[in-house]
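# Residue-level structural notes
This is what each chain is made of:
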Amino acid sequence: MSTTVLTRVEELEAIRTEWDALARMDARDGFFRTSVWYLAWLRCVRPDAQPFVVTTRSADGHLIGLAPLCLYSYQDLGFRLDTVGFAGAEIVSGDFLDVLAVPAERAGVLDATLNALHEERSRWGLLQLGEVLVSSDLHAAVKSRAGDMRLALREEQENICPFIALPASFDEYLKGLSKSVRYDIRRRTKVILEEKGGSIDVCTGPDRATEGIDTLVQLHHARWKSRNDPGTLGRPGLANFLRDVCANPPEGSSYRLYLLKCGGKPVGAFFVFYYGESSLYYQAGWDPNSPLERYSPGMVLMARSIQDAIEAGLHYYEFLRGDESYKFRWTKSTRRTITLLAARSTAARAYLRTAQAKDLVKRLLGRGPTPPASTAETVEEAAEQRQD
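Residues numbered from 1 in each chain as written. Predicted model: local features only at pLDDT ≥ 70, side-chain atom pairs only at ≥ 80, totals over all residues. Heavy atoms only, no water.

### Let's talk about helix 7 (residues 179-195)
For helix 7, spanning 17 residues, the distance from its first C-alpha to its last is 22 Å, which sits close to the expected 24 Å at 1.5 Å a residue. Val181, Asp184, Ile185, Val191 and Ile192 are the residues of helix 7 that are buried. Projected down its long axis, helix 7 carries its buried residues within an arc of 145°, all on one side. Opposite the buried face of helix 7, by more than 90 degrees, sit the exposed residues Lys179, Tyr183 and Glu194. Along its buried surface, helix 7 packs onto helix 6 (170-175), strand 11 (253-262) and helix 10 (297-311). Just downstream of helix 7, Gly197 is the residue with a positive phi angle, here 75°. (Helix = DSSP H or I, 4+ residues; strand = E, 2+ residues; numbered from the N terminus. Expected span 1.5 Å × (residues − 1). Buried < 20%, exposed > 50% of the residue type's maximum accessible area, 1.4 Å probe, protein only. Arc of directions from axis to C-beta. Contact = heavy atoms within 4.5 Å.)

So this is what it looks like as structure tokens:
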């Protein structure tokens, strides 16, 4: 197999069909690694970032692996570092980021990708792999190769990602919930949709993307403005990013935007992506001044979205990152993601030491969690004995 680093958007456009065919091989988690997600992120969120996509091809020229990476300037704790990392995490909250690969070739692809990064090491000082599944083969490969690649390693920002393994029917799902949650779902749904005259409109398809996203943004802002917070959709570029992705969705994907209406006016919005085996809950919003607000419109819309996912034959309902308490009313199952930082340059190693010192101070002051177990100190000591 052979590897190539693609650094121009034109080169990426030329391989989009092959790229997304690889993504579809991961029917559960491939969505955030598609070409659509990557390119929309570059256009709308980080136009300053440069493509740094590592492709792996077999001897007969077939694309068997792709790492959706980019090169950018990373600034933190007074450091400014040339960094290579996964695209599509910052601002837009892509989860389960990874190297795409034909399953039977995955071990070889991971090794070839890390070799390519090592060969291109003069272009970067820090490798930042965000939202990687804990104990995944990528996680293990980076830890295993850190020593021979002369990298100091740090693990940080562990996130909890709740999910539902969807059963065969919605009734079966409800039976697994507590009696109080079942009562709340049924009672609030009846109140909103029958007693108060609410209705749910489901937007799908590119033709309704702009109108639907505009409504979602408006209701999201209304919800968070009441708390003096701009909300997630107030982040630069995110609304345009969503419009872009929904207008040109990755092959094999779709979106569903649930609009709760009262008197013909949208008062709640709930947004999910469908991809492969998964429904991905992405964002929501509602009017805090609506007469339906007191009856938990978010619960009603989430219940409807879970029911639809089951009826669509999907296998997973992903809540994505965040351990907010409301998610655990719906499920007890979780996965974990982590950010891997691998430092090559002297400045990057100094940054890792500074970050570790900051963590120590926060723990001593009782202001921060205990970091995940890592090989940071061991690899750092080894790296100090080597030249950049």
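### Brief notes about the packing of helix 8 (residues 209-225) against helix 9 (residues 238-247)
Where helix 8 meets helix 9, the closest approach of the two axes is 9 Å, and the angle between their N-to-C directions is 150°. When the interaxial angle is binned, helix 8 and helix 9 end up roughly antiparallel. As helix 8 runs across helix 9, the sense of the crossing is right-handed. Where helix 8 abuts helix 9, its residues Ala209, Ile213, Asp214, Leu216 and Val217 lie against Ala239, Leu242, Arg243, Cys246 and Ala247. (Axes fitted to C-alpha atoms, helices over the stretch in contact; angles between N-to-C directions. Parallel < 35°, antiparallel > 145°, perpendicular 65-115°, else oblique. Left-handed = near helix turned anticlockwise from the far one by under 90°.)

### Thoughts on the packing of helix 7 against helix 10
In the contact formed by helix 7 and helix 10, the axes pass within 9 Å of each other and the chain directions differ by 105°. Accordingly, the angle class assigned to the pair helix 7 and helix 10 is roughly perpendicular. In this structure, helix 7 uses Asp184, Ile185, Arg188, Thr189 and Ile192 to contact helix 10, whose residues at the interface are Pro297, Met299, Val300 and Ala303. The residue inventory of the contact of helix 7 with helix 10, partitioned by class, reads six nonpolar, one polar and two charged. (Nonpolar A, V, L, I, M, F, W, Y, C, P; charged D, E, K, R; others polar.)

Read these as spatial facts, not as claims about activity.
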